[in-house]
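So the chains spell out like this:
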Amino acid sequence: MTDHSSPLAMRTPAGAPHFHYQGDALYAEGVRLHDLAQTLGTPLYVYSRAALGTAWSAYQEAIGGRNVLVCYGMKANSNLAVLREFARLGSGFDIVSGGELARVLAAGADPSRVVFSGVGKQVWEMRAALAAGVKCFNVESVPELRRLSGVAAAAGKRAAVSLRVNPDVDAQTHPYISTGLKENKFGIAIDQAASAYELAATLPAIEIVGVDCHIGSQITEVSPYLDALDKLLGLIDRLALKGIRLRHLDLGGGLGIRYDDETPLAPSALLDHVFAQLNSRGYGHLELVLEPGRSLVGNAGVLLTRVQYLKLSEARNFAIVDAAMNDLMRPALYEAWHGVLPAMVRNQSPVLYDVVGPVCESADWLARARALAIEEDDVLAIESAGAYGFVMSSNYNSRPLLPEILVDGTETHLIRKRQTLDDLIQGESIPA
Ligand code: LLP
């Protein structure tokens, strides 16, 4: 075994062991990140293929032989190479748009393992998903149910439907990523769900197959899941009395990852609790669907960025880097904490810096008050950037979208090219 620790390293990488120090250099698997930055330029997203596999295995080992379908919440990272990797491993997919459907099909995924979530499905998206033959639509309102019924009837098909119920539970996470409270826009209120199912049962182009909820993201406690499950099982009991039987239960809500010092809940802990509750209530036969995004990819990626200037002042020291809020939006949007690691460790005293980008917004920061031993031109790795990193990026300030690299052992694959300045204006025109 390689010794992954370095006496000079400041903290164990969140993506360990796939991201680790050897001596004073940070590696992704067998690739030295400083070299990658030299060759390909910065900023740059780097993912570890082995880390994707390890995260996937944690779910598979937790599942054992039980009837569980993992549908990767692909909004977290939808690069085709990442999707292909999960498809190869046998994953299903949770999609939320016609664009995600197109991607997942392009990656060669099996549409019969795709669930389609989202509060605002449009007619064209419904048509495309029916034509592809998705496993089910997670329907979030009665008007959506009626629209889907019409679209399916016109296409001469029956749409498999699971109603997304809003269980009104507090996932104890950031308000922007909590989705299962009654004041959130998502799902059908739990007390209206039974009547929505009764309506669904009367619509000829609708086939009821399941029930579904999603309570939030970066969840680190098991109790919100069990509260939601309890409410869903109560609903299933009531539906059974009306002769409405379901085949699957989709327990959405994403397990957290370690960004800083969180103790994430392991898939095995979650599943053991969930199956204990399912079995004790007599629902062990239901297929369980999970929709993890972040926990499959979050710590499989870093964002490499280069220090441009060190700006020291009495009030604050700034490390101005070449990545910005448009490349990684989470700090600006949620005040999210991401670890910052030097690609090469320096043997000098650290200084407190705010790591900020070049965008003209005070919200353009990536990390605050970090003790870093750095100089201008050093390369830094912003950790835990595999989920909700590239996918949330934009061209703000006319900054080209970043390249993405997949590391596999000592090999590197360019899985997305850096946008060029020509790409930036492509598709625009000036009226004569
Ligand atoms: N399924 C549905 C219907 C979802 O809405 C989500 C996430 C997922 C699955 C995946 O959840 P995960 O396992 O990643 O928690 N941009 C935010 C996260 C937003 C999550 C929204 N829904 C962030 O950067 O923290």
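Everything here concerns the structure above.
Overview of the structure.

**Quick look at the overall build of the chain**
Part 1: Across its full length, the chain carries 12 helices and 21 strands.
Part 2: In terms of overall dimensions, the chain is globule-like: its C-alpha atoms have a radius of gyration of 23 Å, near the 22 Å expected for 432 residues.
Part 3: Across its three principal axes, the chain shows a C-alpha extent of roughly 70 × 65 × 40 Å.
Part 4: For the chain, the proportion of its 432 residues judged to be buried stands at 56%.
Part 5: Here the analysis covers contacts within the chain between residues at least 6 apart in sequence; of these, 69% occur between residues at least 24 apart.

**Digging into the site of the ligand**
Part 1: As a structural note, the neighbourhood of the ligand is formed by 17 residues, with Ser217, Glu291, Gly293, Arg330 and Tyr388 the closest of them.
Part 2: Asp94 is positioned with one of its side-chain polar atoms (N or O) 3.0 Å from a nitrogen atom of the ligand.
Part 3: For the ligand, an oxygen atom lies 2.3 Å from a polar atom in the side chain of Ser217.
Part 4: Its free accessible area being 580 Å², the ligand has 92% of it covered by the protein chains.
Part 5: Residue composition of the shell around the ligand, grouped by class: five nonpolar, six polar and six charged.

**Topic: the sheet that holds strand 2 (residues 25-28)**
Think of a sheet as strands paired side by side through backbone hydrogen bonds, with each pair either parallel or antiparallel.
Part 1: Strand order in the open sheet made by the three strands is 1-2-3, with antiparallel pairing throughout. Looking at which strands have only one partner, the edges of the open sheet turn out to be strand 1 (19-22) and strand 3 (31-32).
Part 2: Judged from the four bridges that link them, strand 1 and strand 2 form a sheet pairing that is antiparallel. Within the sheet, the bridge partner assigned to Phe19 lies in strand 2 and is Ala28.

**What to know about the nonpolar core**
Part 1: Counting 109 residues, the largest nonpolar core has Tyr72, Phe137, Leu249 and Leu288 as its most contacted members.
Part 2: At nine residues, the largest contribution of residues to this core is made by helix 8 (residues 223-241).
Part 3: The two domains that each donate at least three residues to this core are domain 1 (8-49 + 298-424) and domain 2 (118-290).
Part 4: Sequence-distant contacts of Phe137, that is, excluding residues within four places in its chain, are made with Phe116, Lys121, Met126, Ala129, Leu130, Leu148, Ala159, Ala160, Val161 and Ser162.
Part 5: In this structure, Val31, Ala37, Val345 and Ile405 belong to the second largest nonpolar core, which totals 19 residues.

About the thresholds
Residues numbered from 1 in each chain as written. Predicted model: local features only at pLDDT ≥ 70, side-chain atom pairs only at ≥ 80, totals over all residues. Heavy atoms only, no water. Helix = DSSP H or I, 4+ residues; strand = E, 2+ residues; numbered from the N terminus. Rg over C-alpha atoms; globule rule 2.2 N^0.38 Å. Buried < 20%, exposed > 50% of the residue type's maximum accessible area, 1.4 Å probe, protein only. Contact = heavy atoms within 4.5 Å. Near = heavy atom within 4 Å. Polar contact = N/O pair within 3.5 Å; in protein donor to acceptor, adjacent residues only side chain to side chain. Areas by Shrake-Rupley, 256 points an atom, 1.4 Å probe, with all protein chains shown as cover. Nonpolar A, V, L, I, M, F, W, Y, C, P; charged D, E, K, R; others polar. Pairing = 2+ DSSP bridges. Core = buried A, V, L, I, M, F, W, Y, C linked by side-chain atoms within 4.5 Å. Domains from an automatic or database assignment.

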